[in-house]
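The primary structure of each chain is shown beneath.
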Amino acid sequence: MSSLPASVPYPRADEICRWTLASFGELRGLRADLRAAVDVAAAGPDVTDRMTVVANELATNALRYGLPPAVVRLLSEGDRLIIDVSDHDREAEPRVAEDRPLGAGGLGLQLTRTFAIDVGWYSTELTKHVWASFPR
């Protein structure tokens, strides 16, 4: 397993939307709302699809392995759109399961690293955040 780089992304980014999720049942609404928000932010269909997959994977991880609620934010800075997903388990560092076989789960962070331009994580006094950036 390997770690994601620890870094705070895009400190001047503006928040476009925010979703607070307490259960897996809320992921469907997140996906639909995020698609609409990213389309308005003028990203192409490929970027919209990739961002939706990444947001779903990171939110699922936050609900499954973190301490809910998970907060998903869509941010914008310059030519980048950023997905930032937080939960309240500050101690659990996100780890990429690089050697796990297909079908064994644990591919969310691998997909995130494949689909995004940049990926990282950071902690605040209350939350842990995993983020991914995409071209606008």
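Residues numbered from 1 in each chain as written. Predicted model: local features only at pLDDT ≥ 70, side-chain atom pairs only at ≥ 80, totals over all residues. Heavy atoms only, no water.

## Quick look at the overall build of the protein
Scanning the protein from N- to C-terminus turns up three helices and seven strands. Each helix and strand of the protein, ordered N terminal to C terminal, gives the series β-β-α-α-β-β-β-α-β-β. For the protein, with 136 residues in total, the buried portion stands at 43%. A sequence separation of at least 24 residues applies to 67% of the contacts in the protein between residues at least 6 apart. Entry remark: accessible area of the protein is about 7,000 Å², with carbon and sulfur atoms responsible for 51%. (Helix = DSSP H or I, 4+ residues; strand = E, 2+ residues; numbered from the N terminus. Buried < 20%, exposed > 50% of the residue type's maximum accessible area, 1.4 Å probe, protein only. Contact = heavy atoms within 4.5 Å. Areas by Shrake-Rupley, 256 points an atom, 1.4 Å probe, with all protein chains shown as cover.)

## Concerning unusual backbone geometry
Between P68 and the following residue, P69, the backbone shows a cis peptide bond with an omega angle of 10°. Positionally, P69 belongs in the loop between α2 (45-65) and β3 (70-77).

## What about the nonpolar core?
Across soluble globular proteins, you tend to see nonpolar side chains buried next to one another. Formed by 29 residues in total, the largest nonpolar core has its most connected members in L21, M51, V72, L74, I83 and F134. Looking at this core, the elements with two or more residues in it are β2 (14-21), α1 (27-40), α2, β3, β4 (80-87), β6 (118-123) and β7 (128-135). The leading source of residues in this core is α2, at eight residues. Residues in contact with V72, not counting those within four places in the same chain, are C17, R18, W19, L21, L30, A59, I83, D84 and V85. (Core = buried A, V, L, I, M, F, W, Y, C linked by side-chain atoms within 4.5 Å.)

## So, the sheet that holds β3
Read across the sheet, five strands follow the order β2-β3-β4-β7-β6 without closing on themselves; strand pairing throughout is antiparallel. At either end of the open sheet lies a strand with only one pairing partner, and these are β2 and β6. With direction set aside, neighbouring strand axes in the sheet form an average angle of 20°. Packing of α1 onto the sheet brings it into contact with β2, β3 and β4, and relative to β2 it is tilted by some 170°. On top of the sheet, α2 reaches β2, β3, β4 and β7; it is set at about 15° to β4, its chief contact. (Pairing = 2+ DSSP bridges. Axes fitted to C-alpha atoms, helices over the stretch in contact; angles between N-to-C directions.)

## Quick look at the pairing of β3
On a regular strand, one side chain projects to one face of the sheet and the next to the other, so that they alternate. The element β3 is largely enclosed, with a buried count of seven among its eight residues. As paired elements, β2 and β3 share seven bridges and run antiparallel to each other. By the bridge assignment, T20 is partnered in β3 with V71. Pairing geometry for β3 and β4, over seven bridges, is antiparallel. Following the sheet pairing, L75 is matched in β4 by I82.

## Let's talk about the packing of α1 against α2
As a packed pair, α1 and α2 sit with axes 10 Å apart at the nearest point and diverge in direction by 145°. The interaxial crossing formed by α1 with α2 has right-handed handedness. Here L27, L30, R31, L34, R35, V38 and D39 of α1 lie close against α2, whose contacting residues are T48, D49, M51, T52, A55, N56, A59, T60 and L63. Here the residues of the contact of α1 with α2 sort into eight nonpolar, four polar and four charged. (Left-handed = near helix turned anticlockwise from the far one by under 90°. Nonpolar A, V, L, I, M, F, W, Y, C, P; charged D, E, K, R; others polar.)

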